[in-house]
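Chain and residue survey
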Amino acid sequence: MCILYMAWPSDAEQWRAAFARLAPELEFRLAPDIGDPGDVRYLIAWESSADLIERFPNLRVLYSAGAGVDQFDLSLLPAHVPLVRLVDPAMASIMTEYVQFAVLALHRDILSYRAQQTARVWAELPIIPAARRRVGVMGIGNLGLAVLERLHPLGFQLSGWNRSEKAVPGGRCYVGMEQLPAFLAQCDILINLLPLTPQTTGILNRERLDCLPMGAGLVNVGRGAHLVEADVVRALDEGRLGGAILDVFEQEPPPPEHPFWSHPKVLMTPHVASTVQIDGAVSVILENLRRERRGDALLNVVDRSRGY
Ligand code: NAP
Ligand code: GLV
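Here the structure is a predicted model, which is why all the values come from computation and not from measurement. (Residues numbered from 1 in each chain as written. Chains lettered and ligands numbered in written order. Predicted model: local features only at pLDDT ≥ 70, side-chain atom pairs only at ≥ 80, totals over all residues. Heavy atoms only, no water.)

**Brief notes about the sheet that holds strand β6 (residues 134–138)**
- What the 7 strands build is an open sheet, ordered β8-β7-β6-β9-β10-β11-β12; its pairing is parallel. Where the open sheet ends on each side, the last strands, each with one partner, are β8 (172–175) and β12 (266–268). Strand-to-strand, the axes of this sheet are offset by a mean angle of 15°, without reference to chain direction.
- Relative to strand β7 (residues 157–162), β6 is paired through 5 bridges, and the arrangement is parallel. Paired with Met138 across the strands is Trp161, a residue of β7.
- Strands in contact with helix α3 (residues 89–107) are β6, β9 (189–192), β10 (216–220), β11 (241–246) and β12; relative to β11, the strand with the most contacts, it is inclined by about 160°.
- Seen against the sheet, helix α8 (residues 229–238) touches β10, β11 and β12 and runs at an angle of roughly 140° to β11. (Pairing = 2+ DSSP bridges. Helix = DSSP H or I, 4+ residues; strand = E, 2+ residues; numbered from the N terminus. Axes fitted to C-alpha atoms, helices over the stretch in contact; angles between N-to-C directions. Contact = heavy atoms within 4.5 Å.)

Here you go:
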């Protein structure tokens, strides 16, 4: 019985060290040193292939080396092998740092001040108190809720939009497609933390962006394909969006001619809002091993019918 790591080569030694420290009794292997593929019961990977079960006939659990699972073709995964997301509080905390930075940057017009600095302009912009700024989060899951909890003490007016009703600290939860336009209409700053599924692909298109108040700010830390990027560029140029802080893109990195690179109202980061924290991820795997031994349900199993 062994655990095989087959995701990012740059992280591989850290995974080996974490397993050696936290569970020295377990056999841990690093691809490409797979050994006998029949020994592999647990696989940590960023994506999978159609021949997964032919390659690893005794596989019991597939772990996504990240929180998102849109990179897996769920239709190719054998029904008896659960796919588990690696989420832990440290990853959520790192995401909240990024979103807090992005919200404060939009709230305090930092993108406009950057443009002014480039043009050597010294001019004050109006200050709006946090209590008058409405901040909304799409996707109140593990990360979205952590973000709302981090923003709450800053005094913003908070709201969330979700598939099912969830408690939003200090604010309202809008539910389902029917309430999406009303939710968007009251977001001065919109944060996207949805998972990418067939239902959420392209969800922020022209029609939806047009629901936002004029000059709204956008933070995208979900997936690039949640946005129709051409519609975002148009919304920025028309002033519907006052600024966008974008961490994820349809193509990563975006092609050199992509308008986001040089757009004065866009701040881009290279998909770094958060990453799996290896110690936390190993703890999730060890907890699932204990659960499996006891016959309990595993944590963070992807629901294939919902796609997340
Ligand atoms: P999660 O715990 O699965 O939460 C997803 C939330 O989205 C759930 O609350 C879910 O509603 C809601 N949702 C799903 N489909 C919906 C729909 N069609 N309409 C409305 N709400 C919907 O996921 P998470 O751990 O918070 O992660 C969210 C995403 O963040 C990941 O999938 C990944 O793409 C992204 N991410 C990005 C980075 C980065 O560095 N940029 C890092 C990590 C993760 P229910 O509560 O009703 O199920
Ligand atoms: C990163 O984007 C992840 O899904 O873990």
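From this point, the narrative continues.
**Comments concerning the sheet that holds strand β4 (residues 61–64)**
- Read across the sheet, 5 strands follow the order β2-β1-β3-β4-β5 without closing on themselves; strand pairing throughout is parallel. The open sheet terminates on both sides in strands that have one partner only, identified here as β2 (28–30) and β5 (83–84).
- Direction of pairing for strand β1 (residues 2–5) relative to β2: parallel, over a ladder of 3 bridges. Bridge pairing in β2 places Ile3 opposite Phe28.
- Across the face of the sheet, helix α1 (residues 12–22) comes into contact with β1, β2 and β3 (40–45) while running at roughly 175° to β2.
- The sheet contacts of helix α9 (residues 278–294) involve β1, β3, β4 and β5, and relative to β3 the element is tilted by about 150°.

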